[in-house]
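Structural features, examined
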There are 2 protein chains.
Amino acid sequence: MTEFDLIAELFAPLAGEGAFGLGDDVALVASRAGCDLVVTTDALVAGIDFFADDPPALIARKALRVNLSDLAAKGAEPQGYLLTLMLPDGIDDAFLRAFAQGLAEDQRAYGIALLGGDMSRTPGPLAISITAFGHVPTGRMVRRGGAKAGDHVFVTGAIGDSAGGLAILKGEAQGSGRLVARYRLPEPRVSLAPALRDATAAIDVSDGLIADLGHVAEASGVRIAVDAGLIPRSPDLRALWGDSEAAIVRAATAGDDYEVAFTASRPLAGATRIGRVEEGAGVVLLDAEGREIAVARKGFTHF
Amino acid sequence: MTEFDLIAELFAPLAGEGAFGLGDDVALVASRAGCDLVVTTDALVAGIDFFADDPPALIARKALRVNLSDLAAKGAEPQGYLLTLMLPDGIDDAFLRAFAQGLAEDQRAYGIALLGGDMSRTPGPLAISITAFGHVPTGRMVRRGGAKAGDHVFVTGAIGDSAGGLAILKGEAQGSGRLVARYRLPEPRVSLAPALRDATAAIDVSDGLIADLGHVAEASGVRIAVDAGLIPRSPDLRALWGDSEAAIVRAATAGDDYEVAFTASRPLAGATRIGRVEEGAGVVLLDAEGREIAVARKGFTHF
């Protein structure tokens, strides 16, 4: 198929209001009365952020979901997205058809639509860049910088499943297919976005729990103390890596969780309390006796 | 420098209102009273859309300007952008410093600011994806689909300079450095955006004049007839390729011009009348006797 056929057949059916059926150069982004428009962008590169032979529908959905996770952590509900594809020669129509079907599935799941995008050939690996739009009641976006001494620290879901899945895919360990599924397909906490607006600070866990809480501590000018024993880990992950201090550190520094870590004065259904906000600076991981656990590398960085 | 140092030192100084100094996961996009928010996204890949050894400041400015060109063609004035960089190992701090300086220069020139972005390593070539935001008075965005029989067809500036510059860079010809400069650094018609709102249809010329007018003809359900002899070409380009019919066809099908082709009932300062809108379908290029000139390939496609 030509570039134009691809767009017309596979992607135009995904287009929503303001996208002009992908038949123009720009899109209009609808504003909502009483809301702020929130935007985020995250890119995935084959060989870095996913495996080139991952199922195309899952690659598409992961690329979309990592962006929805950023919106959710800020209390924003998603409304649409732009999609940029950089395609190597090896990508055929069947791949793109499955990719588009994956997008369609998640559009239904999250009530969002495609607004536009761009497509380019590349001599490099497949790369996907998505820009997602969401809305939050005016002034209610949750920043990184609002944590206050005395707040509690919480995290949604379980931490480390994705890292366990990656280890299995790399052949480093044998374990549950559910962990692999969690690596390939994050579950962004979109439904928690409205409740998260009561948090004092929040961030989505992509670099690693400790690293991301470090971003919150820095932006807020506080110290965050996390009790290692309180960090929620799934039975599958505990079966894979055990319950040693090293296993907990590994889970808390691996990244790709796409859960939400936040600080608040009160608990929230669906989240586990893991620590507290204190005066000071930095983030520390504590054992059952309150001793600091050394963490050599707090999370993932690209550099 | 680490990813975080790079962002803090080079890119945070470029951040505008709503970007939170690039210190959060999302940005807020300001809405303007009485305006629609317009968004566009265009990506450039080294080896495809620019040369890897082009000056980094010019690569940055081209990546930004091709997006501003899309906004301008729709009658929209720019306000901000998101920047996604996929960086191969060979890109060093000096490259990124020059790249950021190029962005700073164009931010001043166009009165826009950085709102956010993403940075990733890639085993492939340098790739840059930009999403640009602009505003247009409510309901005044210029679509592709509004051309009517009886309208005139216009184009801003001169056509083919960029293609001439590319031919020089490829060593296919020797010619003016001004043509090379036009290839490396488009001049989007941002200042014409308000006046362009009186156009019935418009498109920025990126695929090639004939191909892009073909998009307008298709979206509008009309036929567009272009007089080859009226297509504006610069003295430098005429010195490079001459005035043969083949030279005109080459200029009109090469792309990367980032001028605006539009249809309107009246002329506009800064634009040249090149043809007319008729009943029918498709786009034709006519010689001085009104005979159709065969055009084998109407413009650039990635596929």
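The rules we used
- Residues numbered from 1 in each chain as written.
- Chains lettered and ligands numbered in written order.
- Predicted model: local features only at pLDDT ≥ 70, side-chain atom pairs only at ≥ 80, totals over all residues.
- Heavy atoms only, no water.
- pLDDT = per-residue confidence, 0-100.
- Salt bridge = Lys/Arg side-chain N within 4 Å of Asp/Glu carboxyl O.
- Helix = DSSP H or I, 4+ residues; strand = E, 2+ residues; numbered from the N terminus.
- Buried < 20%, exposed > 50% of the residue type's maximum accessible area, 1.4 Å probe, protein only.
- Least-squares fit on C-alpha atoms with pLDDT ≥ 70 in both.
- Contact = heavy atoms within 4.5 Å.
- 1 Å grid on protein atoms, 1.4 Å probe; cavity = no way out; pocket = protein on both sides within 12 Å on 5 of 7 lines; lining within 4 Å.
- Points joined across faces, edges and corners; volume = space filled by probe spheres on them.
- Nonpolar A, V, L, I, M, F, W, Y, C, P; charged D, E, K, R; others polar.
- Buried area = accessible area lost by both parts, 1.4 Å probe.
- Polar contact = N/O pair within 3.5 Å; in protein donor to acceptor, adjacent residues only side chain to side chain.
- Pairing = 2+ DSSP bridges.
- Axes fitted to C-alpha atoms, helices over the stretch in contact; angles between N-to-C directions.
- Phe/Tyr/Trp six-rings, centres within 6.5 Å; stacked < 30°, edge-to-face > 60°.
- Lys NZ or Arg CZ within 6 Å of the ring centre and 35° of its normal.
- Parallel < 35°, antiparallel > 145°, perpendicular 65-115°, else oblique.
- Left-handed = near helix turned anticlockwise from the far one by under 90°.

The next thing to look at is the confidence of the model for chain A. Averaged over chain A, the pLDDT score is 95; the fraction of residues at 70 or greater is 99%. Interface confidence in the predicted complex, given as ipTM, is 0.94; pTM for the same model is 0.95.

Moving on, we get to the pattern of salt bridges. Residues and elements named next belong to chain B. Taken as a whole and assessed by the stated rule, the structure comprises 51 salt bridges over all chains. Put simply, R182 and D161 hold a salt bridge, and the shortest N to O gap is 3.4 Å. Of this pair, R182 sits in helix α5 (residues 177-184) while D161 sits in helix α4 (residues 161-169), placing them 21 residues apart in sequence. For R182, a relative accessible area of 10% puts it in the buried group.

For the pair chain A and chain B, the superposition axis carries a translation of 0.0 Å, the fit reaches an RMSD of 0.0 Å, and the rotation angle comes to 180°. Such a combination of turn and shift is consistent with a two-fold rotation axis. The rotation axis passes nearest to the C-alpha of G124 of chain A in chain A, at a distance of 2.0 Å. Of the interface residues in chain A, 100% have counterparts in chain B that sit at the interface too, so the contact is made through matching surfaces.

Our next topic: empty space enclosed by the protein. Following the criterion strictly, the structure yields 3 cavities of 30 Å³ or more and no others. Considering the residues around the largest cavity, the lining is formed by M86, T122, G124, P125 and A127 of chain A together with V45, M86, T122, P125 and A127 of chain B. Class assignment of the residues belonging to the lining of the largest cavity gives a composition of 7 nonpolar, 3 polar and no charged.

Attention now moves to the interface of chain A and chain B. Counting from both sides, the interface comprises 56 residues of chain A and, opposite them, 56 residues of chain B. Of the roughly 4,700 Å² buried where chain A meets chain B, counting both sides, 63% is carbon and sulfur surface. For K74 of chain A, the salt bridge goes to D24 of chain B, with nearest N and O atoms at 2.5 Å. Linking chain A to chain B there are 19 residue pairs in polar contact (both at pLDDT 80 or more). Among the elements of the structure, α1 (3-11), β1 (27-29), β2 (35-45), α2 (56-73), β3 (77-87), β4 (113-121), β5 (127-137) and β7 (201-204) of chain A are those that each provide at least two residues to the side of chain A that touches chain B. The element best represented in the side of chain A that touches chain B is β2 of chain A, accounting for 9 residues. When the residues that make up the side of chain A that touches chain B are grouped by side-chain class, the tally is 28 nonpolar, 14 polar and 14 charged. Sheet topology note: the β2 of chain A/strand β1 (residues 27-29) of chain B ladder contains 3 bridges and is antiparallel.

Another aspect to go through is the sheet that holds strand β6 (residues 152-156) of chain B. Residue and element names in this part refer to chain B. An order of β7-β9-β6-β10-β8-β11 is seen for the 6 strands of this open sheet, with the pairing classed as mixed. Taken across any chain shown, the strands that pair with only one partner, and hence form the sheet edges, are β7 (201-204) and β11 (282-286). Neighbour-to-neighbour, the strand axes of the sheet open up by a mean angle of 25°, direction not taken into account. Bridge count for strand β8 (residues 223-227) against strand β10 (residues 271-278) is 4 bridges, and the pairing is antiparallel. In the strand pairing of β10, I224 is matched with V277. Helix α7 (residues 209-220) rests against β6, β7, β8, β9 (260-264), β10 and β11 of the sheet, and its axis sits at about 145° to β7.

Residue and element names in this part refer to chain B. Most of α4 sits out of view: 7 of its 9 residues are buried. Looking only at α4, the buried set comprises D161, S162, A163, G164, G165, A167 and I168. Looking at the buried residues of α4, the elements they touch are α5, α8 (235-241) and α9 (245-253). The positive-phi residue at the C-terminal boundary of α4 is G171, with phi of around 80°.

Turning to the pairing of strand β2 (residues 35-45) of chain B, a few remarks are in order. A regular strand carries its side chains on alternate faces of the sheet. All names here are of chain B. For β2, the buried fraction is high: 9 of the 11 residues fall into the buried class. Examined bridge by bridge, β2 and strand β5 (residues 127-137) share 11 bridges and lie antiparallel to one another. Note that in β5 the partner of V38 across the bridge is G134.

This brings us to the sheet that holds β1 of chain A. Strand order in the open sheet formed by 5 strands is β1(A)-β2(B)-β5(B)-β3(B)-β4(B), with mixed pairing between adjacent strands. Both edges of this open sheet fall to β1 of chain A together with β4 (113-121) of chain B, since each of them pairs with a single strand only. Across the sheet, the axes of successive neighbouring strands diverge by a mean angle of 25°, strand direction being ignored. Lying on the sheet, helix α3 (residues 93-110) of chain B is in contact with β3 (77-87), β4 and β5 of chain B; it crosses β3 of chain B at an angle near 170°.

The next point concerns the packing of aromatic side chains. Summed over the entire model, instances satisfying the criterion amount to 7 aromatic pairs over all chains. With 5.2 Å between their ring centres and 20° between their planes, F154 of chain B and F262 of chain B make a pair best called stacked. Of this pair, F154 of chain B sits in strand β6 while F262 of chain B sits in strand β9, and the two are 108 residues apart along the sequence. Take F262 of chain B: its relative accessible area is 2%, and that puts it in the buried class. Across the ring face of Y183 of chain A, the terminal group of K62 of chain A is positioned such that the distance to the ring centre comes to 4.0 Å.

With that settled, the discussion passes to the side chain of D70 of chain B. With respect to the helices and strands, D70 of chain B occurs in helix α2 (residues 56-73). If we skip the residues at most four places from it in the chain, D70 of chain B touches D25 and V26 of chain A together with T40, D42 and D204 of chain B.

Let's shift gears to the packing of α2 of chain A against helix α3 (residues 93-110) of chain A. Residues and elements named next belong to chain A. Direction vectors running N to C along α2 and α3 enclose 40°, while the axes themselves pass 7 Å from each other. Of the possible angle classes, the one that applies to α2 and α3 is oblique. Both α2 and α3 take part in a crossing whose hand is right-handed. Contacts between α2 and α3 involve P56, A57, I59, A60, R61, L64, R65 and L68 from the former and F95, A98, F99, G102, L103, E105, D106 and Y110 from the latter. Of the residues belonging to the contact of α2 with α3, the class tally is 11 nonpolar, 1 polar and 4 charged.

On to the packing of helix α4 (residues 161-169) of chain A against helix α5 (residues 177-184) of chain A. All names here are of chain A. Between α4 and α5, whose axes approach to 7 Å, the crossing angle comes to 105°. As judged from the angle between their axes, α4 and α5 are roughly perpendicular. Contacts between α4 and α5 involve D161, S162, G164, G165, L166, I168 and L169 on the former and, on the latter, R178, L179, V180, R182, Y183 and R184. Here the residues of the contact of α4 with α5 sort into 6 nonpolar, 3 polar and 4 charged.

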